[in-house]
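# Structural characterization, general
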Amino acid sequence: MSVQQEIFQMIKDFETIIIHRHERPDPDAIASQCGLKEILKASFPQKNIYTAGSFNDGLKFLAQMDKVNDNLYPDALVIVVDTANVTRISDEHFKKGKKLIKIDHHPNDESYGDLLWVEPKASSTSELIVYFYLAFKDQLKMTTEAARLLYAGIVGDTGRFLYPATTAKTFEIASFLLTFPFNASLISRELSTISMKVAKLSGYVYQNINVDENGAAYVLLSTKILQKYGVTEFETSAVVSLPGMIEEVLSWVIFVEKAEGGFRARLRSKGPAINEIAKRYDGGGHLLASGAGAKNYEEVQKIYHEIQDAAKKWRDKK
Ligand code: AMP
């Protein structure tokens, strides 16, 4: 029996299913979570299916979370999507479920759950949810709303089909989803729309980026700067990909000072892998897109130096 078949069997065995994903969700986290819920609800109307986790209003055009009563967990199947490590799962209650399944497309740095299905080559967890649907399509129903969500997840995690994890399979899946009558151009617009204050912060990022001779770059967004532009730590997501558009930039890190002290480090690369660097600073993620933490300025400098080393080694090899 394949792991997908085992997962499907477990889904059939439970009356209550609660779907979680990572904290500070991005479109793929919300879309794979709520897209899976939509498919399961349409296919098994008698089951009780919920989505759980902290939410941010910026993604409310995608979906909303359910209110989940704590006493549902002991008899529930918990499915966690798009989350590599246990510490990043949003809402601690996931631990109280009867069985746990992990479905993810990040490198499997931490194996958890009774069943786990991890495909690091997939563009997004939303793409995986569509594979799952296709594997059991004689028993599952795809709805227009599920297709809308899963398409949004793929568009979000591939940067609109830009990043290298975008494959022929990704386009095949997107093409299948587009056969449903949702407004795809509206989704793309919603995902790329920014507020005026984030537009102004983008200007700051371009004005203040530091790039070395090998293309290693960094920008530091201090609490003072965030206050000046009136943006929250979460809203900085929209500026993380911007340095990648600069020809001279190969790998970069955006440091965002946290209200509680320390910095969030968001690492990206067009060449050298940066996830091993992230792992050394309490983080992780994909080869070319990772997150980590710096406790102080000294660690900020250390992370940037490691990015510089990686960029230099990469350029020396070319
Ligand atoms: P971000 O910079 O938060 O958009 O994260 C980029 C990628 O790294 C995402 O795939 C995250 O799931 C992953 N990531 C971010 N922070 C962490 C962390 N602290 N530990 C493990 N993975 C992380």
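Nothing here was measured: the structure is a model prediction, and the numbers come from that model.

Partitioning the protein chain into structural domains gives domain 1 (3–192) and domain 2 (196–317). The straight-line distance from the C-alpha centre of domain 1 to that of domain 2 is 28 Å. At the junction of the two partners, domain 1 supplies 9 residues and domain 2 supplies 8 residues. Between domain 1 and domain 2 the total buried area reaches about 740 Å² when both faces are included, carbon and sulfur atoms providing 58% of it. Sorting the residues of domain 1 by area buried against domain 2 places R24, P107 and D109 first, and these three jointly supply 54% of that buried surface.

What follows deals with the environment of L186. As for its placement among the helices and strands, L186 is situated in helix α6 (residues 184–192). Between the C-alpha atom of L186 and that of T236, which follows or precedes it by 50 residues, the distance is 22 Å.

Glancing now at the side chain of N275. Topologically, N275 is positioned in helix α9 (residues 275–280). With residues up to four places along the chain from it excluded, the contact list for N275 reads P107, G285, H286, L287 and S290.

Attention now moves to unusual backbone geometry. Of note in the backbone geometry, R24 takes a positive phi value of approximately 40 degrees without being a glycine. Along the chain, R24 falls in the loop between β1 (16–20) and α2 (27–43). A positive phi is found at D282, a non-glycine position, where the angle reads about 60 degrees. Of note, D282 is situated in the loop between α9 and β10 (284–285).

Here we take up the site of the ligand. Around the ligand there are 14 residues in total, and R88, H106, R264, R266 and R268 lie nearest to it. The side chain of R266 places a nitrogen or oxygen atom 2.8 Å from an oxygen atom of the ligand. Contact distances for the ligand include 3.2 Å between an oxygen atom and a backbone N or O atom of G291. Surface burial for the ligand is 85%, taken as the share of its 480 Å² of free accessible area covered by protein chains.

For soluble globular proteins, the rule of thumb is that nonpolar side chains tend to be buried together. The biggest cluster of nonpolar side chains holds 50 residues, and the ones touching the most others in it are I11, I17, I79, I103, L140, M142 and L177. Top element by residues in this core is helix α4 (residues 144–157). It accounts for 8 residues. Residues within four places of I17 in sequence aside, it is in contact with I11, L40, K47, N48, I49, Y50, L77 and I79. With 20 residues, the next largest nonpolar core counts V253, A278, I303 and Y304 among its residues.

Time to look at the packing of aromatic side chains. Within the structure shown, the criterion is met by 14 aromatic pairs. Note on F8 and F136: the rings are 4.4 Å apart at their centroids and 20 degrees apart in plane angle, and the pair reads as stacked. Of the two residues, F8 sits in helix α1 (residues 3–13) while F136 sits in the loop between α3 (125–135) and α4, which places them 128 residues apart along the sequence. Taken individually, F8 and F136 each receive the classification buried, so the pair is uniform in this respect.

Below, the discussion takes up the sheet that holds strand β9 (residues 263–269). The strands making up a sheet are joined through hydrogen bonds of the backbone, oriented either antiparallel or parallel. The strand order β6-β7-β8-β9-β11-β10 describes an open sheet built from 6 strands, whose pairing is mixed. Taken across any chain shown, the strands that pair with only one partner, and hence form the sheet edges, are β6 (210–211) and β10. Where strand β8 (residues 251–257) meets β9, 7 bridges bridge the pair, whose relative direction is antiparallel. Bridging across to β9, F255 finds its partner in A265. Relative to strand β7 (residues 216–221), helix α7 (residues 196–208) is tilted by about 135 degrees, and along the sheet it contacts β6 and β7.

Judged by which residues are buried, strand β11 (residues 289–294) turns out to be one-sided: S290, A292 and A294 face inward and are buried, whereas A289, G291 and G293, on the alternate face, are not. In terms of strand pairing, β9 meets β11 through 6 bridges, oriented antiparallel. Within β11, the residue paired with F263 across the bridge is A294.

Spatial ordering of the open sheet is given by β2-β1-β3-β4-β5, a layout of 5 strands whose pairing is parallel. Single-partner strands in this sheet number two, and they are β2 (48–51) and β5 (115–118). Sheet twist, expressed as the average angle between the axes of neighbouring strands with direction ignored, equals 15 degrees. Bridging between strand β4 (residues 99–104) and β5 involves 4 bridges; their strand directions are parallel. Across the sheet, D104 pairs through a bridge with V118, a residue of β5.

The complete set of buried residues in helix α5 (residues 168–177) reads T170, I173, A174 and L177. For α5, the arc enclosing every buried residue in end-on projection is 100 degrees, short of the 170-degree limit, so these residues lie on one face. Next to the buried residues of α5 lie α3 and α4.

So, on to the environment of L116. Here L116 shows up in strand β5. A relative accessible area of 28% means that L116 is categorised as partly exposed. Sequence separation between L116 and I187 is 71 residues, and the spatial gap between their C-alpha atoms is 30 Å. Discounting chain neighbours no more than four positions away, the residues touching L116 are V3, K102, N108 and S111.

Calculation notes
- Residues numbered from 1 in each chain as written.
- Predicted model: local features only at pLDDT ≥ 70, side-chain atom pairs only at ≥ 80, totals over all residues.
- Heavy atoms only, no water.
- Domains from an automatic or database assignment.
- Contact = heavy atoms within 4.5 Å.
- Buried area = accessible area lost by both parts, 1.4 Å probe.
- Helix = DSSP H or I, 4+ residues; strand = E, 2+ residues; numbered from the N terminus.
- Near = heavy atom within 4 Å.
- Polar contact = N/O pair within 3.5 Å; in protein donor to acceptor, adjacent residues only side chain to side chain.
- Areas by Shrake-Rupley, 256 points an atom, 1.4 Å probe, with all protein chains shown as cover.
- Core = buried A, V, L, I, M, F, W, Y, C linked by side-chain atoms within 4.5 Å.
- Buried < 20%, exposed > 50% of the residue type's maximum accessible area, 1.4 Å probe, protein only.
- Phe/Tyr/Trp six-rings, centres within 6.5 Å; stacked < 30°, edge-to-face > 60°.
- Pairing = 2+ DSSP bridges.
- Axes fitted to C-alpha atoms, helices over the stretch in contact; angles between N-to-C directions.
- Arc of directions from axis to C-beta.

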